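Residue-level structure breakdown
Residues per chain, in single letters:
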Amino acid sequence: MADNAFLDKGVILGFCFFTDPHHRECRRYLFSGETEYFATEQVENIFRNAKDSIIKEHRSQVLRNIQHVKVNYEGVLSESDIEEIQSEINRDENSAWRYLEDFYDDKAGRDVYEITDELREVIREIEQRAEARKETLYSTFQGWLRISSHESVQDELTQLRAQDEEDFWIVIDAHDVAANVPGETELATTNPAEFADDQITEEVLGATAIDSIQLVFVSKGYSPSALRNNSSDSCVPTDVSGDNT
Amino acid sequence: MSESPPADDDLGDLGPPEYLLYRVAAERHEQDGRETGRTRIHKLCCLADRLLAQEYDREVGLPKYWYKYGRTISEAHLNSAVTYRPNANHFGGQAYYPADQVNESDFDHLSEDLKDDIYNAVQSVVTEHGDKTSEELEEYQYQNFAPDDFVIAYADLRWYLNTVSQDEDQHRLSHFVAPDEKTRIEELLDEMLANFDEVRYSEIHDIYLDWDDTMRLLVDIGRSPREIHDFTETFIEGAARIILRFEEHSNIDSKTLEDWREEKEEVRRDLQSRVTQKRKEALSERQSTSALDSVADSYNSAISEELDDL
């Protein structure tokens, strides 16, 4: 672990939303007690919007599913009712279908009222945990206001800027921390699309004072489909610089 | 045309809707001499207007629309000189009387046939409903002339909450109910859910579902019927301002409709914000459960996908 870590929005989101065993790994990374954590207002804003959007979309899909089931089914649900309900879940809306289908797996033989009430607890738990964890996390990291705009560094990060403007400014902020706070600084991110790219990594580590990029919550063998199909391996911190701390 | 207003009248324009309002205020005053509040006058006007349309084949042009407590008239579109409205002695708000400076001859420019029909329709409505309270009139209007079953269902919920919130012994709705048993309020919420028209109310579909689940949460954590009643009123007012007054109105001018349209998005945001705030407060008091852990693997996959899509 580095002395300082600059947190990208995905790290904060992962901490707020994942449940165990992933959450345990996130907690281990963020509460090591040896590292100072920093985040900017921009990261906080992006995180807040993303958090609200995730909650809104998942709540919408779960509550619409509850409405559909309550209106169209009554009494004790049979195996075929359950299969039908699972087949009616919309896979195109957002990712909530993954746990919705799973949720109904063992529900045959139970009453609609009881089942939908239990499903309400799932979405309430997601929201409640995210809010409570956000408060916990906010008390552990320090807000960072960029001291300098680092024009010359900006000029060197051409590939990153072309690929993703938002990540570009996160790197500038992380560089600002690295350049002004004593000790080694790592950028903690969940974004393998940019930061697992060797050329981008080389560009960032070459042009900035950032000592390493820590890919948190994603495996080295990342690919979007692999992540979807094998999520249990996806929360291990991965140091892409090879410069273990 | 005999229905145009007199040119030299200090009272301003007095058309058929003003005559209807004037007659309702006058009939009510003559009926028992007691004070009549705004809601009762509005509801009686709407009932007389409906009777005129159905029984007399008359459209008198009364400006009316559906609002929080049912169908109401838009006084802003009427000449208010026909009524006198001092502060009421026996309830909050104003009492309505026929204005002293107005008399039947001020409506001489209207045709006798039209005036006779209005006179008779108002007399009939006031005789049948004039002694009802505003709540009784509201209930009569909802049960007989509500725009859809969802509106009837939310009115049933509001009346139930209104009753229990006045009953000190039932200060906790879940008091006598086992945890796995439906409360009366859940039954009423289910009735709303069953009658929710996803097309008509599409603009507030998600807000409604958030509100519905938050209502159930408020019951679960033992909030008072008064608080739950007020939260219901918030939703009903929002539904009226965002959807129902646009769907159910007549003789409202285009400028007013434009004003309603302009404020609609702000009303929607305000309603969403109130529901979100109430939900946040309620969630902070909720007892955590293991429901989410039972789907941990698939849920974590879903979150990984969300992070991937950032």
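See above for the structure.
Since we're looking at a predicted model, the values are computed, not measured.

When helices and strands are tallied, chain A shows 12 helices and six strands. In chain A, buried positions account for 54% of the 245 residues. For chain A, the accessible surface area stands at approximately 10,300 Å², while carbon and sulfur atoms represent 43% of it.

Moving on: empty space enclosed by the protein. Residue and element names in this part refer to chain B. Applying the stated rule across the entire model yields one cavity of 30 Å³ or more. For the largest cavity, the calculated volume is near 40 Å³. Along the walls of the largest cavity sit Cys46, Leu47, Arg50, Lys64, Arg71, Gln141 and Phe145, which together make up its complete lining. Of all the secondary structure elements, the ones that give two or more residues to the lining of the largest cavity are helix H2 (38–55) and helix H4 (134–145).

Residues and elements named next belong to chain B. Strand order in this open sheet of three strands is E2-E1-E5, and the pairing throughout is antiparallel. If you trace the sheet from one side to the other, it starts and ends with strand E2 (70–73) and strand E5 (249–250), each paired once. For strand E1 (residues 64–67) and E5, the ladder comprises two bridges, and the chain directions are antiparallel. Paired with Tyr65 across the two strands is His249, which belongs to E5.

We now examine the packing of aromatic side chains. All names here are of chain B. All chains considered together, the criterion is met by 29 aromatic pairs over all chains. The ring of Tyr140 carries Lys132 above its face, with NZ or CZ at 5.4 Å from the centroid. The ring of Phe246 carries the charged tip of Lys264 above its face, separated from the ring centre by 4.9 Å.

What follows deals with helix H10 (residues 296–309) of chain B. Residue and element names in this part refer to chain B. For H10, spanning 14 residues, the distance from its first C-alpha to its last is 20 Å, which sits close to the expected 20 Å at 1.5 Å a residue. Burial within H10 is extensive, with 11 of its 14 residues counted as buried. Restricting attention to buried positions, one finds in H10 the residues Ala296, Ser298, Tyr299, Asn300, Ser301, Ala302, Ile303, Ser304, Glu305, Glu306 and Leu307.

Here we take up the interface of chain B and chain A. Every contact between the two is made by 43 residues of chain B and, on the other side, 47 residues of chain A. Carbon and sulfur atoms supply 53% of the area that chain B and chain A bury against each other, a total of about 4,200 Å² over both sides. Where chain B packs against chain A, one counts 12 salt bridges. Across the chain B-chain A interface, the total number found is 27 residue pairs in polar contact (both at pLDDT 80 or more).

Bringing the state of the cysteines into the picture now. All names here are of chain B. In total, this model carries zero disulfides over all chains according to the counting rule given. With no disulfide of its own, Cys45 lies 6.9 Å from the sulfur of Cys46, the closest cysteine sulfur. Accessibility expressed as a relative area gives 0% for Cys45, which makes it buried.

Between Asp20(A) and Pro21(A) the backbone carries a cis peptide bond, its omega angle lying at 10°. Mapped onto the secondary structure, Pro21(A) falls in the loop between helix H1 (9–17) and helix H2 (22–30). In this structure, Asp57(B) is a non-glycine residue whose phi angle is positive, near 55°. By the element assignment, Asp57(B) lies in the loop between H2 and E1. The phi dihedral of Asn251(B) is positive, around 60°, even though this residue is not glycine. Along the chain, the position of Asn251(B) falls in the loop between E5 and helix H9 (254–285).

Calculation criteria
- Residues numbered from 1 in each chain as written.
- Chains lettered and ligands numbered in written order.
- Predicted model: local features only at pLDDT ≥ 70, side-chain atom pairs only at ≥ 80, totals over all residues.
- Heavy atoms only, no water.
- Helix = DSSP H or I, 4+ residues; strand = E, 2+ residues; numbered from the N terminus.
- Buried < 20%, exposed > 50% of the residue type's maximum accessible area, 1.4 Å probe, protein only.
- Areas by Shrake-Rupley, 256 points an atom, 1.4 Å probe, with all protein chains shown as cover.
- 1 Å grid on protein atoms, 1.4 Å probe; cavity = no way out; pocket = protein on both sides within 12 Å on 5 of 7 lines; lining within 4 Å.
- Points joined across faces, edges and corners; volume = space filled by probe spheres on them.
- Pairing = 2+ DSSP bridges.
- Phe/Tyr/Trp six-rings, centres within 6.5 Å; stacked < 30°, edge-to-face > 60°.
- Lys NZ or Arg CZ within 6 Å of the ring centre and 35° of its normal.
- Expected span 1.5 Å × (residues − 1).
- Contact = heavy atoms within 4.5 Å.
- Buried area = accessible area lost by both parts, 1.4 Å probe.
- Salt bridge = Lys/Arg side-chain N within 4 Å of Asp/Glu carboxyl O.
- Polar contact = N/O pair within 3.5 Å; in protein donor to acceptor, adjacent residues only side chain to side chain.
- Disulfide = S-S within 2.5 Å.

None of this, on its own, says anything about what the molecule does.
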